[in-house]
Amino acid sequence: MTESSESHDVFDVRTIRRLIELMKEHDLTEIDLRQEDRRIQLCRGLAGTVMETVTGPGAPASPAPQPTPPTGNQPAGSPAGENHVALITSPIVGTFYSAPDPEAPPYVKVGDHVGPETTVCIVEAMKVFNEIPAETAGKIIAVLTKNGESVEYGQPLFKVDTTG
Amino acid sequence: MDLQHILSETFVASAEHHEVLGSTNDLARRRADEGLPFPRLITAEHQTSGRGRGANVWWTGQGSLAMSLLLPSESIPEEAGRSILISLVTAVAVVDTLRPIVETQPLTGGSVLLGLHWPNDVFLSGRKLAGILIEVLPNRAHVIGIGINTNNTAADAPDNVRPRVITLRDATGVVCDHVELLIGLLNRMELGLRALSVDPNAIAQAANERCLQQGQILSIQMGKKQLTGRCLGIAPDGALLIDTPDGPRPCHSGVVR
């Protein structure tokens, strides 16, 4: 990524926007840039979404997404620099359901504690309703998609604080 | 229901039958942790709370067949995307089991087309003859729920359901033998499940050959997005292919209208 060597501050919004465009143009899934003691990591999922992680002094304390390409039913990962945050990803292309039926409460919400066998959602494809286990223990700190939305293979669905 | 005959003629290892049950799928889910021999078959003549997609319910009138097959995780390939083909395996098995019954009997009128509506509904003469709902539990055990309108009559169905369903009895005038039907269906499913591991492309190809929607203009609701175009058939990974102005688009999930 030659653009990373430009003299602009990598945290400039215009630079980030340009990086995202380049990722899409060249079908890149990840960019990891460092400037002195600061770092920005951009990950692009199969759905075309781009996630941003910034670490270092003065950076927001947002946990990072899984930086690796989708690998199927890989429920949890440890993003670089945030090894206490795990991701639960979708094992298939399908539709995300947060609850077992439209009238029921969601399986989990932010703040809930989960264990490896806790069902966190359903991903449905071809009328096969896959109940997705957390496969990690901790506290749900983010729900990354909405009920009824399409999700891609390997797309992060939840962030889990494994120290929670 | 002669369960012993079914056990001796099929790959099913244990079975139970109920005259009336809430939902065969719900019972199968509870049975998943009971250490029973798999595959386990659960059948019912009548369900009081049969389930469909989302908030939908499955109507089971007197004389229909409801069943769930509980499969252990090790019987399903772990490769991502492979297990959803079980949806097509089941639909193809149902179509092929019902076809001889339909084709050898004089129909009472209308189109005689029997086939698959992606992903796994079975239609006869433009109406729903059978429905399938598959649940994959967190331990990857699979519950395959199948409802077939056999010896019931659409005349008993609720007003909002009646125009959309058809039964074997209504279509052929024949009362079918549930045991023989189940044996034929389960044996076809066993072959299909084996193909999941050894020849998955053959599954989608078989489904494609039985797909009634080919060439039709379909509208598919995919979450908040809607996809409209001519149906090109079923792709090797099981997706429905829709021809759009931007080229063929695969659809893996959604409600087809």
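Structural notes, computed from the coordinates.

Definitions and cut-offs
- Residues numbered from 1 in each chain as written.
- Chains lettered and ligands numbered in written order.
- Predicted model: local features only at pLDDT ≥ 70, side-chain atom pairs only at ≥ 80, totals over all residues.
- Heavy atoms only, no water.
- Helix = DSSP H or I, 4+ residues; strand = E, 2+ residues; numbered from the N terminus.
- Buried < 20%, exposed > 50% of the residue type's maximum accessible area, 1.4 Å probe, protein only.
- Contact = heavy atoms within 4.5 Å.
- Areas by Shrake-Rupley, 256 points an atom, 1.4 Å probe, with all protein chains shown as cover.
- Buried area = accessible area lost by both parts, 1.4 Å probe.
- Salt bridge = Lys/Arg side-chain N within 4 Å of Asp/Glu carboxyl O.
- Expected span 1.5 Å × (residues − 1).
- Polar contact = N/O pair within 3.5 Å; in protein donor to acceptor, adjacent residues only side chain to side chain.
- Pairing = 2+ DSSP bridges.

1. Looking at the overall build of chain A
For chain A, the helix and strand inventory stands at one helix and eleven strands. For chain A, the N- to C-terminal ordering of α and β elements is α-β-β-β-β-β-β-β-β-β-β-β. The burial tally for chain A puts 45% of its 164 residues in the buried class. Within chain A, counting contacts between residues at least 6 apart in sequence, those at least 24 apart form 48% of the total. With the model as given, the accessible surface of chain A reaches about 7,800 Å², and the carbon-plus-sulfur share is 49%.

2. Brief notes about the interface of chain B and chain A
Contacts between the two partners involve 31 residues from chain B, matched on the other side by 24 residues from chain A. Carbon and sulfur atoms make up 58% of the area that chain B and chain A hide from each other, which totals about 2,100 Å². Applying the counting rule to chain B against chain A returns two salt bridges. Glu131(A) is paired through a salt bridge with Arg29(B); the nearest N and O atoms lie 2.5 Å apart.

3. Some details on unusual backbone geometry
In this structure, the amide linkage connecting Phe38(B) to the following residue, Pro39(B), adopts the cis form with an omega of -10 degrees. The residue Pro39(B) is located in the loop between helix 2 (24–31) and strand 2 (40–47) in this model. Put simply, Trp118(B) and Pro119(B) share a cis peptide bond, and its omega is 5 degrees. Checked against the element boundaries, Pro119(B) lands in the loop between strand 4 (114–117) and strand 5 (121–124). A positive phi is found at Lys127(A), a non-glycine position, where the angle reads about 60 degrees. Of note, the phi angle at Glu135(A) is positive, near 55 degrees, even though the residue is not glycine. Its relative accessible area of 39% is what places Glu135(A) among the partly exposed residues.

4. Some words on helix 5 (residues 178–198) of chain B
The terminal C-alpha atoms of helix 5 of chain B lie 30 Å apart, and with 21 residues this matches the ideal 30 Å at 1.5 Å per residue to within 8%. Measuring from the backbone nitrogen of Val179(B) back to the side-chain oxygen at the start of helix 5 of chain B gives 2.9 Å, which picks out Asp177(B) as the cap.

5. Concerning the sheet that holds strand 6 (residues 113–114) of chain A
The pairing of strands in a sheet happens through backbone hydrogen bonds and is either parallel or antiparallel. Residues and elements named next belong to chain A. Taken in spatial order, the four strands of this open sheet run 4-11-9-6, and their pairing is antiparallel. Two strands close off the open sheet at either side, each with one partner strand: strand 4 (85–89) and strand 6. Bridge count between strand 9 (residues 138–143) and strand 11 (residues 156–161): four bridges; the pairing is antiparallel. By the bridge assignment, Ile140 is partnered in strand 11 with Val160.

Just geometry here; none of it tells us what the structure is for.
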